Amino acid sequence: MAAVAIHQFAECITCHAWSPDQSMVAFCPNNSEVHIYKLFGDKWEKMHVLSKHDQIVCGIDWSVKSNKIVTVSHDRNSYVWSQEGTEWVPTLVILRLNRAALCVQWSPRENKFAVGSGAKSICICYYEQENDWWVSKLIRKRHDSSVTSVAWHPDNILLATTSTDGKCKVFSTFIKGVDSKESESSSSDLKFGEQIAQLDLSATWTFGVRWSPSGSILAYSGHNSMIYFIDDVKSTPSSQSISLRDLPLRDILFLSDRVVVGVGFDCNPMIFTSDDTGLWSFTKYLDQRKAAPSSSRASQLSEAFGKLYGSSKQVPSNDTVEPSKPRGGAHENCITCIVPLKKRGNTDLTRFSTSGLDGKVVIWELAIPK
């Protein structure tokens, strides 16, 4: 088993994030609060409760350089939390949304963050030094439905988004006075909100968009149990798709330009790899599970028909779990969030964490082939 640690924090977790030194974890236990725990020896202790939101917190990101936490919620608000002494002090971000804020992510340089919303729009938020507050610029209604996830390109300018309209789009977020024109990327010549690409590969909801570490590959998943890989998005895009035999993915993560981890409704991380020709394929499930004992096929059919027609004659069974499903894994319910665990100075990403509807945060380690 690749899971190196399993922590049961709550009955359900909507999202989580780690402190820069990975000594603390912040998560939402499916309510309006954010709990911050710290590990002392082999025991986790609750250090802080951030309780400024009014509804479920559905997005958390903890900046590596500035040690700030940004949160978004169904209450349409966002807060940037700064640590002052032993307390976390919130600063309200004016999002100007009339629907829920659904996801959030700091940019690579941490001078901006992006918020996806149920208002079909994306908020690009930045700090105004002269007024000492966080403001937002909106990319309005470029999607036809809720924005489910956002992902920053390594150049700090391009932003990829997915939505329940089935589309994945790429926008420019260049803001004069915030981003430098001397950027090495040609993206700095683009106007704010300009659409660079629109990908219509999925006919269903799309989730979990991510860029590869080099920024040359974009990947996202569809609710139709598909995962999509796109090369050269800015110039001449070429796409590949993999159809999964099982349940859909909810989030993905690039460990390298050739290795991707996908998590979702199967409760088991899936590994996808690319060969020397750039062809992507499913490799394996990361969590090695034990198969549940199964009864005979006749007994399963008899019980199924008995339930269907309301018969009182059912085959007795001591196992309420569906016999064909594997069990005994690290997660017992849908995995909704995957976060990289990368320390400063270490270029290789081999550790990551997942959280889900079972209330667990699981730390994984995977050896990446050179």
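Given the structure is predicted, the values throughout are model-derived calculations rather than measurements.

A. A look at the overall build of the protein. The helix and strand inventory of the protein stands at one helix and 30 strands. Burial statistics for the protein: of 370 residues in total, 51% are counted as buried. Contacts spanning at least 24 positions in sequence make up 47% of the contacts within the protein whose residues lie at least 6 apart. Taken as a whole, the protein presents about 17,800 Å² of accessible surface, with 48% of it coming from carbon and sulfur.

B. Summary view of unusual backbone geometry. Of note in the backbone geometry, Arg96 takes a positive phi value of approximately 60° without being a glycine. Within the secondary structure, Arg96 sits in the loop between strand E9 (87–93) and strand E10 (101–106). The phi torsion at Asp132 lies on the positive side, around 55°, for a residue other than glycine. Here Asp132 shows up in the loop between strand E12 (122–128) and strand E13 (133–139). By relative accessible area, which is 53% here, Asp132 ends up exposed.

C. Expanded view of the sheet that holds strand E5 (residues 43–50). Here we have four strands laid out as an open sheet, ordered E2-E3-E4-E5, and antiparallel in their pairing. This sheet does not close on itself; its edge strands, each paired only once, are strand E2 (15–18) and E5. The average angle at which neighbouring strand axes cross in this sheet is 25°, direction not considered. The sheet contact formed by E2 and strand E3 (residues 24–28) spans four bridges and is antiparallel. Looking at the pairing, Cys15 lines up with Cys28 of E3.

D. Quick peek at the pairing of strand E15 (residues 158–163). Counting buried positions along E15 yields six of six residues, so the element is predominantly enclosed. Of the two faces of E15, the one lined by Leu158, Ala160 and Thr162 and the one lined by Leu159, Thr161 and Ser163 are each fully buried. Here strand E14 (residues 147–152) pairs with E15 via five bridges, running antiparallel. For Trp152, the partnering residue across the bridge sits in E15 and is Leu159. Hairpin connection, E14 to E15: the antiparallel pair is bridged by five residues, and Asn156 has positive phi, about 70°.

E. Spotlight on the sheet that holds strand E17 (residues 195–199). Strand order in the open sheet formed by four strands is E14-E15-E16-E17, and the pairing between neighbours is antiparallel. Edge positions in the open sheet fall to E14 and E17, since each of these has one partner strand only. In this sheet, adjacent strand axes meet at a mean angle of 20° when their direction is disregarded. Sheet topology note: the strand E16 (residues 168–172)/E17 ladder contains four bridges and is antiparallel.

F. Spatial organisation of the environment of His331. Looking at the element boundaries, His331 is found in the loop between strand E27 (326–327) and strand E28 (335–341). Classification of His331 by relative accessible area gives buried; the value is 2%. A distance of 2.7 Å separates the side chain of His331 from the side chain of Thr354, its partner in a polar contact. Looking at His331, its side chain comes within polar contact range of the side chain of Asp358, at 3.0 Å.

G. Region of the structure containing the environment of Val339. Mapped onto the elements, Val339 comes out in strand E28. Residues Val339 and Thr354, spaced 15 residues apart in sequence, show a C-alpha to C-alpha distance of 6.4 Å. Apart from the residues within four sequence positions on either side, Val339 is in contact with His16, Trp18, Leu253, Phe352 and Ser353.

H. Representation of the packing of aromatic side chains in the model. Counted according to the given criterion, the structure contains 17 aromatic pairs. Considering the side-chain rings of Phe282 and Tyr285, the 5.5 Å spacing of their centres and the 70° angle between planes classify their relative orientation as edge-to-face. Judged by its relative accessible area of 34%, Phe282 is partly exposed. With relative accessibility at 19%, the residue Tyr285 sits in the buried group. Three or more aromatic residues joined by ring pairs form one cluster here, namely Phe9, Trp18, Phe27, Tyr37 and Trp44. Directly above the aromatic system of Phe192 lies the positively charged group of Lys137, at a separation of 4.5 Å from the ring centroid. Its end group placed over the ring of Phe207, Arg250 keeps NZ or CZ at 4.4 Å from the ring centre.

I. Region of interest: the pattern of salt bridges. Applying the stated criterion across every chain, the model contains six salt bridges. Of the charged contacts, one joins Asp179 and Lys112 as a salt bridge, the two residues approaching to 3.0 Å between their closest N and O atoms. A residue pair is termed long-range when its members are at least 10 positions apart, and Asp179 in the loop between E16 and E17 and Lys112 in strand E11 (residues 112–117) qualify at 67 residues. The two residues Asp179 and Lys112 agree in class, both being buried. The closest approach of N and O atoms between Arg245 and Asp246, which form a salt bridge, is 3.4 Å.

J. Spotlight on the pairing of E13. Of all seven residues making up E13, five are buried, and the element is well covered by its neighbours. Both E12 and E13 contribute to a ladder of seven bridges, which runs antiparallel. Bridge pairing in E13 places Cys123 opposite Leu138. Following E12, the chain reverses through four residues before pairing antiparallel with E13; Asp132 in that reversal takes a positive phi of roughly 55°.

K. Expanded view of the side chain of Ser19. Mapping Ser19 onto the fold places it in the loop between E2 and E3. Within the local environment of Ser19, its side chain forms a polar contact with the side chain of Asp21, the two groups lying 2.9 Å apart.

Cut-offs applied
- Residues numbered from 1 in each chain as written.
- Predicted model: local features only at pLDDT ≥ 70, side-chain atom pairs only at ≥ 80, totals over all residues.
- Heavy atoms only, no water.
- Helix = DSSP H or I, 4+ residues; strand = E, 2+ residues; numbered from the N terminus.
- Buried < 20%, exposed > 50% of the residue type's maximum accessible area, 1.4 Å probe, protein only.
- Contact = heavy atoms within 4.5 Å.
- Areas by Shrake-Rupley, 256 points an atom, 1.4 Å probe, with all protein chains shown as cover.
- Pairing = 2+ DSSP bridges.
- Axes fitted to C-alpha atoms, helices over the stretch in contact; angles between N-to-C directions.
- Polar contact = N/O pair within 3.5 Å; in protein donor to acceptor, adjacent residues only side chain to side chain.
- Phe/Tyr/Trp six-rings, centres within 6.5 Å; stacked < 30°, edge-to-face > 60°.
- Lys NZ or Arg CZ within 6 Å of the ring centre and 35° of its normal.
- Salt bridge = Lys/Arg side-chain N within 4 Å of Asp/Glu carboxyl O.

Nothing here speaks to function; it is all geometry.
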